[in-house]
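An overview of the molecular structure
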Amino acid sequence: MDTRILQWMTLTIILGSISCGDQKSIKDPVAAPEPLRLTVVSGGQQEGEIGDVLADSLTVLVVDGRGEPVPRRWVEFRMVEGEGELLLPNAITDKFGRAATAVRLERPHGPRHIEAGLYGTQEVVVFTVTALVPRPVSITVVQGDGQKGFIGAEYLEPLQVVVLDKRGRPVEGATVTFTITEGGGSLSALQDTTSSAGLAQTRLRLSDLAESMRVRAATADSALSVDFTATAVLGP
């Protein structure tokens, strides 16, 4: 083979190797992932009765750096203060970048704070909702009605009522007032707050006269009431 041709081929191979080596040593720049943002869409500042599922879902939105919705991203919801049940603790964003959960409020009444966090990021938002004491729908005598005693004596049994909500469950924290509407005597307490069992009570000191008495127990707004009767009789 001609010497000049051989030299040309050798030079071509060397230059090609250098060129390939240079290309391998140059790395394509890798674009940094766009930051994601998590924002509240709806569901904050709601109120509902204990035992109810809030009317509106707690909804968040995930967007990228350009403000475009990001689908298929996991969002975790968790109760950070107060009691309640998250019906969907973990949700994935839809094609609109939204994820949501529903909340059932539990005892006791008061504010609840629910946190939503975007997996793999530091993005967190907080919802605040409030659990209200259920509205009473009934008040019923438990014990103490129809008793008799000597004049001036205190009853052996308290005058006790139970307050229930629309589901027939005891209402805790409701105010019940007690008033003597007929006859004399006095009450140990003019009002009481219902216990976790929905119970409120007072005691009656009988009249100093032989007579019939009536005591009314009513909810704070006087929308519901029930009466006790009692009789003071002369001693032996």
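In this report, the structure presented in the accompanying data block is examined. The shown structure was predicted, so the numbers you read here are calculated from the model rather than taken from an experiment.

1. Thoughts on the environment of threonine 193
Residue position: threonine 193 is located in strand β16 (residues 191-193). In this structure threonine 193 touches Gly173, Ala174, Thr175 and Leu199, once residues within four positions along its chain are discounted.

2. Here we look at the sheet that holds strand β11 (residues 138-143)
Two orientations exist for strands paired in a sheet by backbone hydrogen bonds: parallel and antiparallel. Read from one edge to the other, the open sheet built from three strands follows the order β11-β13-β17, with strand pairing classed as antiparallel. Of all strands in the sheet, those with a lone pairing partner are β11 and β17 (199-202), marking the two edges. Ignoring which end each strand starts from, the neighbouring axes of this sheet average 30° apart.

3. Some points on the pairing of strand β10 (residues 124-132)
By the alternation rule, side chains of β10 split into Val125, Phe127, Val129 and Ala131, which are all buried, and Val124, Val126, Thr128, Thr130 and Leu132, of which none is buried. Examined bridge by bridge, strand β2 (residues 46-49) and β10 share four bridges and lie parallel to one another. Counterpart to glycine 48 in the pairing with β10 is alanine 131. Pairing of strand β9 (residues 110-118) with β10 involves eight bridges; the strand directions are antiparallel. The partner of alanine 116 across the bridge, within β10, is valine 125. Remark: five residues form the turn of the hairpin made by β9 and β10, two consecutive strands paired antiparallel; glycine 120 in that turn has positive phi of roughly 80°.

4. Regarding the pattern of salt bridges
Side chains carrying opposite charge are able to pair once their charged atoms draw close together. Applying the stated criterion to the full structure yields 10 salt bridges. A salt bridge links arginine 104 to glutamate 85; the shortest N-O distance between them is 3.3 Å. Taken together, the positions of arginine 104 in strand β8 (residues 103-105) and glutamate 85 in strand β5 (residues 84-86) put the pair 19 residues apart, joining distant regions of the chain. On the basis of relative accessible area, glutamate 85 is assigned to the partly exposed category, the value being 35%. For aspartate 227, the salt bridge goes to arginine 214, with nearest N and O atoms at 3.7 Å. Note that aspartate 227 is positioned in strand β20 (residues 225-233) and arginine 214 in strand β19 (residues 212-219), a separation of 13 residues in sequence. Using a relative accessible area of 24% as the deciding quantity, one classes aspartate 227 as partly exposed. Shared partners join several salt bridges into a network, and the residues in it are Glu182, Arg214, Arg216 and Asp227.

5. Observations regarding the sheet that holds β20
With mixed pairing, five strands are arranged side by side in an open sheet as β12-β20-β19-β14-β16. Both edges of this open sheet fall to β12 (147-150) and β16, since each of them pairs with a single strand only. Each neighbouring strand pair of the sheet contributes to a mean axis angle of 25°, computed without reference to strand direction.

6. Notes on unusual backbone geometry
Cis rather than trans, the peptide bond between arginine 107 and proline 108 has omega equal to -5°. On the secondary structure map, proline 108 appears in the loop between β8 and β9. Here the phi dihedral of glutamine 45 falls at roughly 60°; this positive angle occurs in a residue that is not glycine. Structurally, glutamine 45 can be placed in the loop between β1 (37-42) and β2. Backbone geometry at arginine 72 places phi at a positive 60°, although glycine is not the residue there. Looking at arginine 72, the relative accessible area reads 64%, which means it is exposed.

About the criteria used
- Residues numbered from 1 in each chain as written.
- Predicted model: local features only at pLDDT ≥ 70, side-chain atom pairs only at ≥ 80, totals over all residues.
- Heavy atoms only, no water.
- Helix = DSSP H or I, 4+ residues; strand = E, 2+ residues; numbered from the N terminus.
- Contact = heavy atoms within 4.5 Å.
- Pairing = 2+ DSSP bridges.
- Axes fitted to C-alpha atoms, helices over the stretch in contact; angles between N-to-C directions.
- Buried < 20%, exposed > 50% of the residue type's maximum accessible area, 1.4 Å probe, protein only.
- Salt bridge = Lys/Arg side-chain N within 4 Å of Asp/Glu carboxyl O.

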